Amino acid sequence: MPAEGVSRRLALHTWLATAVVALAGVLFVVVAPGVGDMWAALARAQAARDGVGLGYWFSWYSGAHPPGGYSVLVPWLSAALGAHAVVALAATAIPWAVALTVTQVRRPIVAVWVATLSAVMTLGAGRTTFLVGAVIALGALDAAIRDRRWTASLLVILSGLASPVAVAFVLVGFGAGLLVRRISLVPILVGIAFMGVSSLVWGSSGPEGYGWGRALTSLVLLGLFLLAKPAKPVVLAIAITAVAVLVFSAVPNALGSNLARLVFAVLPVAVAATARRSNRMTACAVLPALVWSGYFTAHDLADARASASSVTVYRPLSDALQALPGIENSRIEVVADGTHTSAFVMAEDFWLARGYETQADRSLSDAFVDREAHISDAELTGWLQDSAVRYVALNRHPVKKTGQWRTVAATPPGWHEVWSNDQWRVLEVPDAKPLLTDGATITDKTSSHLILRVAPSRDVIVRTRWSSFLHARVIEERGPSDQRAGRDDAPRVVLEPTPDGWTRVRLDGSSAARDVELFGRP
């Protein structure tokens, strides 16, 4: 029974708050708004259903960024239950997760309702992995406060497996608790070790920006929190966050502006729970952060209503691309338009030069993300050619005209239009390199694997990014007597990185061409 251990009045308010979030969750599932983060969740859930593991995803970013770095648990959970259902269920669990954690604070009921508002707005933005990780992180915080250090350590690991952002946030809370000697060092060390191992295994996709404008807003909100006179551990958490804001703004890193969620979604709950000032002053301290959170959610929901966010506008584009020559031996690039819809809609039928991961986009060029950034014709064309992108799709009605959008809209030299309608232009990039060089042909190509017919003892360059997670095997052919066809006993596939980071494939020990499967495995 969730209400065990909390007062009757707190339990009543928590049930009411849960009903509010559950209603919002049902509405979110029914309407299924195409907010940006949901496209990422939907794409990864579909990839998991298609057999994409944690180590390699052919359809996104040329296989460059392991899916496990985004979340280990949530794509599989979303594949089983549906991404919209997962985010709704996680949001619905937030009021009780908070109630069980704040039973000993000054204002537990206020904390539950602030958490409810925060959960609804985070739900509206579709932040699936973060909400799942946050629920588990709250359990870890509660266990740490109760000095159940090993339970807290286990939950910290589970939180990190759901969301790297959530585990980073709970470590801020742990650090503040340690400084006032209320939390053991053990779960902190476990959390730090987990983040270190995760970074070592999955690496980083690239930097996430934290502009000075957003940083200044974060610092102002952190200052307002102090008006409520929260408890000392919360004051320390605010101070740690303020230092992190300054550092993250000055030093590029993978977390970057994700830290803002700690300011507008997490700390308001802690401040409201422990505030020693009046309710009016507490409201003045936390409401600006909640309003800021609401602004981001409203912006995402407004973008979701744009025609560029509609799945239906992609159907004629997909049909047109399928009919173009050479499409099987190339990738496509859908120009960044501010919606990220293509990362889900197009990834099942095509290999994309990008996907939806802001850090990965910024590692290529800020022009894939920002309006103000610029990418030259030569730079963009060179990247597309090297990435085996023969066709580029441009949405005529973008939500945001990124630097990349403006460059493509001007039609770079040598490009020419091969198809168009009221919504789209498709342009062909001159001299784009093929996915693979002579010596092999593509037999099958999906999100999770690539099957090639490879000639013996020929070096074939496959323009999918080299990774230690990339593996290969010969597909054994069997005859009527269940014996392998041919005389080769043990043909071997050699995978090697090329100097420019692509993959070299060679079939040794065979006198005839064989089918070779490339696949990902951690």
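Up top you'll find the structure we're talking about.
Residues numbered from 1 in each chain as written. Predicted model: local features only at pLDDT ≥ 70, side-chain atom pairs only at ≥ 80, totals over all residues. Heavy atoms only, no water.

Draft legend 1. Focus on the environment of glycine 203. Relative to the assigned elements, glycine 203 resides in the loop between α9 (185-202) and α10 (212-225). Residue glycine 203 is classed as partly exposed on the basis of its relative accessible area, which comes to 43%. Distance from glycine 203 to proline 66, taken between C-alpha atoms, is 8.2 Å for residues 137 residues apart in sequence. (Helix = DSSP H or I, 4+ residues; strand = E, 2+ residues; numbered from the N terminus. Buried < 20%, exposed > 50% of the residue type's maximum accessible area, 1.4 Å probe, protein only.)

Draft legend 2. Representation of the pattern of salt bridges in the model. What the rule picks out here adds up to 21 salt bridges. A salt bridge links aspartate 386 to arginine 465; the shortest N-O distance between them is 4.0 Å. Linking aspartate 386 in helix α17 (residues 377-386) with arginine 465 in the loop between β7 (460-462) and β8 (470-474), this pair joins segments that are 79 residues apart in sequence. Residue aspartate 386 is classed as partly exposed on the basis of its relative accessible area, which comes to 22%. A relative accessible area of 24% means that arginine 465 is categorised as partly exposed. With a closest N to O distance of 2.9 Å, arginine 473 and glutamate 517 form a salt bridge. With arginine 473 in strand β8 and glutamate 517 in strand β11 (residues 514-520), this pair connects stretches of sequence that are 44 residues apart. Relative accessible area serves as the criterion here: at 13%, glutamate 517 is assigned to the buried category. Bridged by salt links that share partners, the residues Asp459, Arg492, Glu496, Arg504, Arg506 and Asp508 form one connected network. (Salt bridge = Lys/Arg side-chain N within 4 Å of Asp/Glu carboxyl O.)

Draft legend 3. Geometry of α9. Across its 18 residues, α9 extends 26 Å between first and last C-alpha, which sits within 8% of the 26 Å expected from 1.5 Å per residue. Taken residue by residue, α9 has Val186, Pro187, Ile188, Gly191, Phe194, Ser198 and Trp202 as its buried positions. Looking at the packing, one finds that the buried side of α9 touches α7 (149-162) and α8 (164-179). N-cap assignment for α9: the residue whose side-chain oxygen lies 3.1 Å from the backbone N of valine 186 is serine 184. At the C-terminal side of α9, glycine 203 shows a positive phi close to 70°. (Expected span 1.5 Å × (residues − 1). Contact = heavy atoms within 4.5 Å. Polar contact = N/O pair within 3.5 Å; in protein donor to acceptor, adjacent residues only side chain to side chain.)

Draft legend 4. Just unusual backbone geometry, in detail. In this structure, aspartate 147 is a non-glycine residue whose phi angle is positive, near 60°. In this model, aspartate 431 sits at a positive phi of 60°, which is unusual for a non-glycine residue. Within the secondary structure, aspartate 431 sits in the loop between β4 (424-428) and β5 (440-445).

Draft legend 5. Focus on the sheet that holds β8. The four strands are arranged β5-β6-β11-β8 in an open sheet whose pairing can be described as antiparallel. Whereas interior strands pair on both sides, the edge strands pair on one side only; in this sheet they are β5 and β8. Ignoring which end each strand starts from, the neighbouring axes of this sheet average 25° apart. Where strand β6 (residues 449-454) meets β11, six bridges bridge the pair, whose relative direction is antiparallel. Bridge pairing in β11 places histidine 449 opposite phenylalanine 519. (Pairing = 2+ DSSP bridges. Axes fitted to C-alpha atoms, helices over the stretch in contact; angles between N-to-C directions.)

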